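# Report on the structure
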Amino acid sequence: MAALMLVGAGLLGSCTTANHWQQVGHVRQSYIIRYCNDSLGTCLTTNGDFILRQDRRAFTRKERRVAAKKLGVAARQFLPLFTGTTNVPPYYRLRAAFIRHRPGSWWLTAGFTAVGAGRFARSITQATELSREYAYQVPNRDGFLYLVATEAPGKKNEGKPLVDRAFDMDMEFNAYVFPSVQPRGDSTLLNVSEQVDQAFLASSGGNYLAPLIALLDARRNPALINDASQHPLLQQLLVQYHAMAGNQDSARYFRLCSKKALLRTSVPLPAEPDFPHSSVPPAIESFQTEPAVQDILQRAASAKALLINEHHGSAHHRSLLAALLPQVYALGYRYLALETLSDSGFNERGFPLMSSGFYTREPTFANLVRTAHRIGFKLVGYDDMRAENRELSQAQHLLQALKTDPQARVVVYGGGQHMEVRPGTQAGAPGGAKKWMGQYLAELSQWPLTSVNQTYLEDVSLPAVDSLQPGSATALYKMVNNRRAPLRAVQDVYVRNKMMVSYLPVPYFDQSQTPWVNLPLPAPSSQAAGRQRQLIQVYLARELNRYPDPVPVYTAELTPRQQQLHLRLCPGQYSYKIYDEAAEVITGNWNIE
């Protein structure tokens, strides 16, 4: 991709030399590209599907006049910089201009909302048109960088209702591209996600402590903390990386905090037919509870596909699937389909690498797929983040993976609302309700399905679930006319999961007779003793001997001067690495008979 050149000698006052938008980031696995402009002292990060180019015609003369008039500035104060478009669906257009001689307070009078220090945003959803606008105060310049995102002309992303297109656009711009605009050279603020990922992968095989240190540094940065536009991404990263490090209490804490930081402020949620997602249900006369595993197995016996969702930052949700796997295999299920899996070599290898998927980096998830392979399941991935209609694509990919086996029965495991089965939805439906993968799968396959939800009751306070014992998973039904019914019409079983990851045998969940063992730890170095944080990563020795980057079977932060670990470790040979804050590592081995 060529560098971007700013044309026009008068662009920045008396500047007479050409100014460049230079690509300084490289396309990585996540397709991130960063562009910087030294004269503006500014950088921004985009999805790798964007093609950016300097073009003084980023706005036509008419568009420039209209935009300037809408903003209340003279056309001579509105100076086009660049334009960019995506080359795969969904198709977006991003344009930029420099607005001179306007104070920050002026944007508020123009109808923008302050989203951080020197940052203002406005979102418009009218009829079938979408736009996102963003203004960022350029360092040491009398003016603002003005960015406007729209759907690409002539490409309306057909086939998706407005609410879906608005959600996608929010995720692309309000939650990612716009917050990435930062001062040139400020590496902490430039892109938190990239910084954390780089910290994680800086050590061979991954360092699970390094992202926690990077995130702590980010949280101490006043510029980032005072910028509300950064909070959703920051808190999502805190949830995911604390879960990966084995800090489940911290992950839950940050997950609850993230609900207070609104990600979608400009697009109303579609109306639900009963009661809203992620809120306390209204008064229901009575509930009926059932042990979740037995209840799900009874339903799965007559189904061809068992759909189960999770919250990606809640490792204990994987405990429910771990309890189900041996028994659904006995029912004839032979496939486990995972939203996160992107590893064509897994079924031959039998264990995940760091590149196998983002969420499989969490040891409980990694052990889940190890256990599934050990039992005899064939694992398949089915997601396509870049598809024009992701939900439809997921269902199509899943059916394609199973087409050679007409008798296939499959467990499908993914996040959030993907597993919802909501008949009669999509464009033109009342409220424009989104059509999820579960409904596409039901329509395309005509299979009998059972869909299980673990997220809805996760944080609900009700007497019927508050009294449940730790270590349990309970299905909850509402009673209507003396008959039990699902809490919501879109899934069959709603589970309150209070299972505990620490109870699971490591790394094979089906080895239920594995006893608890006390494992000795080496003394920390004199430099680290009592002062630095330390985290242990435990590996199956045979995996680490074959590959440099298998996912650990266990991770945990160690307390100061901790002398041993207490866990259910299956017989075998293990290696461990203990990292401290300086990325110094201590290694060792255990042999469990």
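Residues numbered from 1 in each chain as written. Predicted model: local features only at pLDDT ≥ 70, side-chain atom pairs only at ≥ 80, totals over all residues. Heavy atoms only, no water.

### A closer look at the overall build of the protein chain
Each helix and strand in the protein chain was counted, giving 17 helices and 27 strands. Within the span of the protein chain, comprising 593 residues, buried residues form 56% of the whole. Within the protein chain, residue pairs in contact and separated by at least 24 positions form 68% of the contacts whose partners lie at least 6 positions apart. (Helix = DSSP H or I, 4+ residues; strand = E, 2+ residues; numbered from the N terminus. Buried < 20%, exposed > 50% of the residue type's maximum accessible area, 1.4 Å probe, protein only. Contact = heavy atoms within 4.5 Å.)

### Considerations on the confidence of the model for the protein chain
Mean pLDDT over the protein chain: 81, with 80% of residues reaching 70 or higher. Contacts for the low-pLDDT stretch residues 26-30, under 50 throughout, to residues beyond four places or in other chains number eight contacts. Predicted confidence for residues 425-432 stays below pLDDT 50, and this span has 15 contacts to residues more than four positions away or in other chains. (pLDDT = per-residue confidence, 0-100.)

### Details of the state of the cysteines
Tallying each qualifying case throughout the model produces one disulfide. Bridging Cys 36 to Cys 43, the disulfide has an S-S length of 1.7 Å. Handedness here is read from the sign of the S-S torsion; for Cys 36 and Cys 43, about 110°, the answer is right-handed. (Disulfide = S-S within 2.5 Å.)

### Remarks on the layout of surface pockets
When its volume is computed, the second largest pocket comes out at roughly 840 Å³. Along the wall of the second largest pocket there are 36 residues; nearest its centre are Gln 248, His 316, Met 500, Val 501 and Ser 502. Of all the secondary structure elements, the ones that give two or more residues to the lining of the second largest pocket are α8 (231-244), α9 (248-258), α13 (363-375), β21 (493-497), β24 (554-558) and β25 (564-567). Ranked by residues supplied to the lining of the second largest pocket, first place goes to α9 with five residues. (1 Å grid on protein atoms, 1.4 Å probe; cavity = no way out; pocket = protein on both sides within 12 Å on 5 of 7 lines; lining within 4 Å. Points joined across faces, edges and corners; volume = space filled by probe spheres on them.)

### What about the pattern of salt bridges?
Across all of its chains, the model carries 16 salt bridges by this definition. As a salt-bridge pair, Lys 70 and Glu 133 come within 3.5 Å of each other at their nearest N and O atoms. Residue Lys 70 is located in helix α1 (residues 61-71), and its partner Glu 133 is located in strand β10 (residues 129-137); the two are separated by 63 residues in the primary sequence. Across the pair Asp 197 and Arg 361 runs a salt bridge, and its minimum N-O distance is 3.4 Å. With Asp 197 in helix α5 (residues 192-201) and Arg 361 in the loop between α12 (346-349) and α13, the pair connects residues that are 164 residues apart, well separated along the chain. Here Asp 197 and Arg 361 have matching classes, each one buried. (Salt bridge = Lys/Arg side-chain N within 4 Å of Asp/Glu carboxyl O.)

### Let's talk about unusual backbone geometry
Cis geometry is adopted by the peptide bond preceding Pro 507, which originates at Val 506 and carries an omega value of 0°. Tracing the chain through its elements places Pro 507 in the loop between β21 and β22 (517-520). In the Ramachandran plot, Arg 561 falls in the positive-phi region, its phi being about 65° despite a non-glycine side chain. With respect to the helices and strands, Arg 561 occurs in the loop between β24 and β25. On the accessibility criterion, Arg 561 (57% relative accessible area) is exposed.

### Concerning the packing of aromatic side chains
Summed over the entire model, instances satisfying the criterion amount to 18 aromatic pairs. Their ring planes at 20° and their centres at 6.2 Å tell us that Trp 107 and Tyr 146 sit as a pair that is stacked. Pair noted here: Trp 107 is in helix α2 (residues 104-109) and Tyr 146 is in strand β11 (residues 143-151), with a separation of 39 residues, a long-range link. The residues Trp 107 and Tyr 146 share a single accessibility class, namely buried. (Phe/Tyr/Trp six-rings, centres within 6.5 Å; stacked < 30°, edge-to-face > 60°.)

### Describing the sheet that holds strand β27 (residues 585-592)
With respect to topology, four strands assemble into an open sheet ordered β24-β23-β26-β27, the strand pairing being antiparallel. On the outer flanks of this sheet lie β24 and β27, each paired with one strand and no other. Put simply, the sheet's adjacent strands are angled 20° from each other on average, direction ignored. Relative to β27, strand β26 (residues 572-580) runs antiparallel, the two being bridged by eight bridges. Bridge assignment links Ile 578 to a residue of β27, and that residue is Ile 586. (Pairing = 2+ DSSP bridges. Axes fitted to C-alpha atoms, helices over the stretch in contact; angles between N-to-C directions.)

### Observations concerning the packing of helix α14 (residues 390-402) against helix α15 (residues 437-445)
Interhelical geometry of α14 versus α15 gives an angle of 45° and a closest axis separation of 8 Å. By the angle between their axes, α14 is oblique relative to α15. Of the two elements, α14 crosses α15, and the hand of that crossing is right-handed. On the side of α14, the interface is formed by Glu 391, Leu 392, Gln 394, Ala 395, Gln 396, Leu 398 and Leu 399, while α15 contributes Met 437, Tyr 440, Leu 441, Leu 444 and Ser 445. Partitioning the contact of α14 with α15 into residue classes produces eight nonpolar, three polar and one charged. (Parallel < 35°, antiparallel > 145°, perpendicular 65-115°, else oblique. Left-handed = near helix turned anticlockwise from the far one by under 90°. Nonpolar A, V, L, I, M, F, W, Y, C, P; charged D, E, K, R; others polar.)

### Remarks on a nonpolar patch on the surface
There is a patch of nonpolar side chains on the surface, built from Met 500, Tyr 503 and Trp 516 and spanning about 300 Å² of accessible area. Its location among the elements puts Met 500 in the loop between β21 and β22. Residue classification places Met 500 among the partly exposed residues on the basis of a relative accessible area of 33%. (Patch = residues over 30% accessible without salt bridge, like charges linked within 9 Å, V, L, I, M, F, W, Y side chains within 5 Å. Areas by Shrake-Rupley, 256 points an atom, 1.4 Å probe, with all protein chains shown as cover.)

### Quick notes on the pairing of strand β19 (residues 473-480)
For β19, a buried count of six out of eight residues is recorded, marking the element as mostly surrounded by other parts of the structure. Strand direction decides the pairing type here: strand β13 (residues 287-291) and β19, joined by five bridges, are antiparallel. If you follow Gln 288 over to β19, its bridge partner there is Tyr 477. Across four bridges, the pairing between β19 and β21 is antiparallel. Residue pairing for β21: Ala 473 is matched across the bridge by Asn 497. In terms of strand pairing, β19 meets strand β20 (residues 483-485) through three bridges, oriented antiparallel. Looking across to β20, one finds that Lys 478 is bridged to Ala 485. In this antiparallel pair of consecutive strands, β19 and β20, the connection spans two residues, and Asn 481 shows a positive phi of 55°.

### Describing the nonpolar core
Core analysis: the biggest nonpolar cluster contains 38 residues, and Ile 296, Leu 306, Leu 320, Phe 377 and Leu 379 have the highest contact counts within it. If you list the elements that add at least two residues to this core, you get α10 (292-300), β14 (305-310), α11 (317-330), β15 (335-338), α13, β17 (410-415), β19 and β21. Of the residues forming this core, the biggest block, six residues, is contributed by α11. Filtering out sequence-adjacent residues up to four positions away, Leu 306 remains in contact with Ile 296, Ala 300, Val 328, Tyr 333, Val 410, Val 411, Val 412, Thr 450 and Val 452. Leu 79, Phe 82, Leu 130 and Tyr 134 belong to the second largest nonpolar core, which has 29 residues in total. (Core = buried A, V, L, I, M, F, W, Y, C linked by side-chain atoms within 4.5 Å.)

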